[in-house]
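# Topology and contacts: notes
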Amino acid sequence: MLSYKRLLRIHKIKKTLDVLAYFSLFSDIAIVLINFFMLESNTSSAKVLDFWFTISLAAEVVFTLILLLILALLYHYDSIEWFLVSKYRSRKRG
């Protein structure tokens, strides 16, 4: 059973994922708008903005994957702990 402290951590990570989802939506819209305007004009400032928005989107994806891994570990902490303890006990006996 999940402890209250772990449930609070899970809730906090879910809130962070919600914020990241809105950030991702903003980044996608910005990249689409910049790419649309780059079709009409070939300015260097638009290319720089496109580069930084693409980098921010890549960083957001990496951060999201890390948070999802942490969330999966928190949800399955009890079974992981049980597995590790049983492995340790079997090594200690043998």
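Notes on the structure in this doc start here. Per-chain numbering applies: the sequence of each chain, read as written, is numbered from 1 onward. pLDDT decides what is reported in this predicted model: residues at 70 or higher carry local features, side-chain atom pairs at 80 or more are listed and counted, and totals for whole chains, interfaces and linings draw on all residues regardless. Note: side-chain values were computed over all heavy atoms of the structure, leaving out hydrogens and water.

## With respect to the side chain of T64
- Within the secondary structure layout, T64 lies in helix α2 (residues 44-75).
- Any two residues having at least one pair of non-hydrogen atoms within 4.5 Å are treated as being in contact. Excluding residues that lie within four positions of it along the chain, T64 makes contacts with L17 and L20. A run of DSSP states H or I qualifies as a helix once it reaches four residues; a run of E qualifies as a strand once it reaches two. Both are numbered from the N-terminal end.

## Description of the packing of aromatic side chains
- Two rings from Phe, Tyr or Trp (for Trp, the six-membered ring) form a pair when their centres sit within 6.5 Å of each other. Planes less than 30 degrees apart are called stacked, planes more than 60 degrees apart edge-to-face, and all others tilted. Considering all chains together, one arrives at 1 aromatic pair under this definition.
- Here F51 and W52 contribute two aromatic rings whose centre-to-centre distance is 5.1 Å and whose plane-to-plane angle is 75°, an arrangement assigned as edge-to-face.
- Only protein chains enter the accessibility calculation, which uses a 1.4 Å probe; a residue is then buried when its area is under 20% of its type maximum, exposed when over 50%, and partly exposed in between. Judged by its relative accessible area of 45%, F51 is partly exposed.
- Classification of W52 by relative accessible area gives exposed; the value is 52%.

## Brief notes about the nonpolar core
- Joining through side-chain atoms within 4.5 Å is the link that ties buried Ala, Val, Leu, Ile, Met, Phe, Trp, Tyr and Cys residues into a set, and such a set is a nonpolar core. Judged by nonpolar contacts, I10, I13, L17, L20, L67, L71 and L74 together constitute the single largest core of 7 residues.
- Elements with a minimum of two residues in this core: α1 (4-40) and α2.
- With 4 residues, the single largest contributor to this core is α1.
- Grouped together as the second largest cluster of nonpolar side chains are 6 residues, A30, I31, I34 and L57 included.

## Re the environment of I66
- By the secondary structure assignment, I66 is in helix α2.
- When the C-alpha positions of I66 and S56 are compared, they lie 15 Å apart, and in sequence the two are 10 residues distant.

## Examining α2
- In a helix, the anticipated span is given by 1.5 Å times the number of residues less one. Its 32 residues place the ends of α2 47 Å apart at the C-alpha level, agreeing with the 46 Å of an ideal helix rising 1.5 Å per residue.
- Listed as buried for α2 are A46, D50, F53, S56, L57, E60, T64, L67, L71 and L74.
- Contacts made by the buried residues of α2 are with α1 and α3 (77-93).

## Focus: a nonpolar patch on the surface
- For patch building, the residue pool is restricted to those with more than 30% relative accessible area and no salt bridge; the joining distance is 9 Å between like charges and 5 Å between nonpolar side chains (Val, Leu, Ile, Met, Phe, Trp, Tyr). Only the protein chains shown count as cover for residues, and all accessible areas are computed by the Shrake-Rupley method using a 1.4 Å probe. By definition here, a salt bridge exists when the distance from a side-chain nitrogen of Lys or Arg to a carboxyl oxygen of Asp or Glu is within 4 Å. Side chains of Y22, L25, I29, L33, F36, F37 and L39 sit close together on the surface and give an oily, nonpolar patch of about 810 Å² of accessible area.
- Relative to the helices and strands, I29 is located in helix α1.

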